[in-house]
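Single-letter residue listing:
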Amino acid sequence: MSKTVLECRDLTKHYNDGKHSVAVFESIQFFLRKGEIAAIVGASGSGKTTLLNMLAGLDLPTSGDVFLHDASWSSMKDTVRSKTRNSSLGFVYQFHHLLPEFSALENVMMPMLIANKSRKSAEQKAKDLLTKVGLSERYNHRPGQLSGGERQRVAIARALINDPLLVLMDEPTGNLDETTATEIKQLVKTLANELNMAFLIVTHDESMFDWVNSVYRLKLGKLHQEKG
Ligand SMILES: Nc1ncnc2c1ncn2[C@@H]1O[C@H](COP(=O)(O)OP(=O)(O)O)[C@@H](O)[C@H]1O
Ligand SMILES: [Mg+2]
């Protein structure tokens, strides 16, 4: 059986507005293995982004814990948590979050430079990844000179540059037309098969069902497995 990359135990999150405590989810159990592509689906407002942020150690739960391999986010100091996030996780969001002043190549290199790797090795790897996602002719384009689908490909290349254990995607196709969304899903599937990393996609896009190994639905604060 392949190794568990991510696990959450009894994860509960409440938001407190000073007067009321509102539960987003309660006692969620979930794990993800190396090489697996999983989707968490749910209606808008069901808590998908909140859950993803917790899995990524960007926000801490009210109770319960999240383990990346065997280390829990809550046991790490802030500096270790940021470093671990940069080296072990890749992120892709609905809005690409590329830096507008920098070229596609520089955007992809960035997480590797932050990890103190040499400029030369970062450049070579960024070129290889941009080629892999079909953008070998776009190294020097800035985000504003790329189509929506191309920007998302750059964001995917950037997410992969530090060889993460896990790539987390929040509505990665949410801003794309149907044809482009299908191309991006196809790309993710190809990459997942080739790279043997784990991918977790949170989305309200129900068609994701057919593209991934396992599907979980977040509904009324509980997570139910529907596939896999
Ligand atoms: N920082 C916050 N403070 C209070 N409530 C929040 C906060 N972030 C999200 N929520 C609430 O938590 C619920 C889940 O939001 P979210 O995780 O963004 O859902 P989704 O990504 O599934 O659309 C919503 O009801 C939202 O209003
Ligand atoms: Mg969301």
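What counts as what
- Residues numbered from 1 in each chain as written.
- Chains lettered and ligands numbered in written order.
- Predicted model: local features only at pLDDT ≥ 70, side-chain atom pairs only at ≥ 80, totals over all residues.
- Heavy atoms only, no water.
- Near = heavy atom within 4 Å.
- Polar contact = N/O pair within 3.5 Å; in protein donor to acceptor, adjacent residues only side chain to side chain.
- Areas by Shrake-Rupley, 256 points an atom, 1.4 Å probe, with all protein chains shown as cover.
- Nonpolar A, V, L, I, M, F, W, Y, C, P; charged D, E, K, R; others polar.
- Helix = DSSP H or I, 4+ residues; strand = E, 2+ residues; numbered from the N terminus.
- Expected span 1.5 Å × (residues − 1).
- Buried < 20%, exposed > 50% of the residue type's maximum accessible area, 1.4 Å probe, protein only.
- Contact = heavy atoms within 4.5 Å.
- Phe/Tyr/Trp six-rings, centres within 6.5 Å; stacked < 30°, edge-to-face > 60°.
- Lys NZ or Arg CZ within 6 Å of the ring centre and 35° of its normal.
- Pairing = 2+ DSSP bridges.
- Axes fitted to C-alpha atoms, helices over the stretch in contact; angles between N-to-C directions.

Colleague: Could you clarify how one ought to interpret the site of ligand 1 in this entry?
Modeller: Around ligand 1, the neighbouring residues are Tyr 15, Val 24, Ala 43, Ser 44, Gly 45, Ser 46, Gly 47, Lys 48, Thr 49 and Thr 50. A distance of 2.9 Å separates an oxygen atom of ligand 1 from a polar side-chain atom of Lys 48. In the environment of ligand 1, an oxygen atom lies 2.9 Å from a nitrogen or oxygen atom belonging to the side chain of Thr 49. In isolation ligand 1 exposes 560 Å². Once the protein is present, 52% of that is buried. Considering only residue class, the shell around ligand 1 consists of 3 nonpolar, 6 polar and 1 charged.

Colleague: What is the right way to look at helix 5 (residues 148–160) in this model?
Modeller: Three- or four-residue spacings in an α-helix give side chains the same orientation, since the helix completes a turn every 3.6 residues. Here helix 5 is 13 residues long and its end C-alpha atoms lie 19 Å apart, about the 18 Å a rise of 1.5 Å per residue gives. Buried within helix 5 are the following residues: Gly 149, Glu 150, Gln 152, Arg 153, Val 154, Ala 155, Ile 156, Ala 157, Arg 158, Ala 159 and Leu 160. Check the buried side of helix 5 and you find it contacts strand 6 (89–93), helix 3 (104–114), helix 4 (119–132), strand 7 (166–170), helix 6 (178–195) and strand 8 (198–203).

Colleague: Can you walk me through the environment of Arg 9 in this structure?
Modeller: Along the polypeptide, Arg 9 turns up in strand 1 (residues 4–16). Separated by 51 residues in sequence, Arg 9 and Leu 60 have C-alpha atoms that sit 13 Å apart. Ignoring sequence-local partners within four residues, the contact set of Arg 9 consists of Ile 28, Gln 29, Gly 64, Asp 65 and Phe 67. A polar atom in the side chain of Arg 9 sits 3.4 Å from the side chain of Glu 7.

Colleague: Explain unusual backbone geometry to me, please; I cannot follow it from the model alone.
Modeller: In terms of backbone geometry, most residues other than glycine have negative phi values and most peptide bonds are trans. In this structure, Ser 27 is a non-glycine residue whose phi angle is positive, near 50°. Inspection of the secondary structure assignment puts Ser 27 in strand 2 (residues 21–33). Backbone geometry places Asn 196, a non-glycine residue, at a positive phi of 55°. As for its placement among the helices and strands, Asn 196 is situated in the loop between helix 6 and strand 8.

Colleague: Just to check I follow, could you spell out the packing of aromatic side chains for this structure?
Modeller: For any pair of aromatic rings, geometry is given as the distance between the ring centres together with the angle between the planes. Scanning all chains against the criterion turns up 2 aromatic pairs. Plain terms: the ring middles of Phe 30 and Tyr 216 are 4.9 Å apart, the flat faces sit at 80° to each other, and that makes the pair edge-to-face. Note that Phe 30 is positioned in strand 2 and Tyr 216 in strand 9 (residues 214–219), a separation of 186 residues in sequence. Each member of the pair, Phe 30 as well as Tyr 216, carries the same accessibility label: buried. Summarising the aromatic geometry, the rings of Phe 91 and Tyr 93 are spaced 6.0 Å apart at their centres and angled 0° between planes, so their arrangement reads as stacked. Since its relative accessible area comes to 24%, Tyr 93 is described here as partly exposed. Its end group placed over the ring of Trp 73, Arg 85 keeps NZ or CZ at 5.9 Å from the ring centre.

Colleague: So what exactly am I meant to see when it comes to the sheet that holds strand 4 (residues 63–68) here?
Modeller: Two orientations exist for strands paired in a sheet by backbone hydrogen bonds: parallel and antiparallel. The strand order 2-1-4-5 describes an open sheet built from 4 strands, whose pairing is antiparallel. Two strands in the sheet have a free side with no partner beyond their single neighbour: strand 2 and strand 5 (71–72). Bridge count between strand 1 and strand 4: 5 bridges; the pairing is antiparallel. Residue pairing for strand 4: Thr 12 is matched across the bridge by Ser 63.

Colleague: Just to check I follow, could you spell out the sheet that holds strand 8 for this structure?
Modeller: Ordered by their spatial adjacency, 6 strands build an open sheet running 6-7-8-3-9-10, and the pairing between neighbours is mixed. Bordering the open sheet on either side are strand 6 and strand 10 (222–227), each of which pairs with just one other strand. Sheet twist, expressed as the mean angle between neighbouring strand axes with direction ignored, is 20°. Pairing between strand 3 (residues 37–41) and strand 9: 4 bridges, direction parallel.

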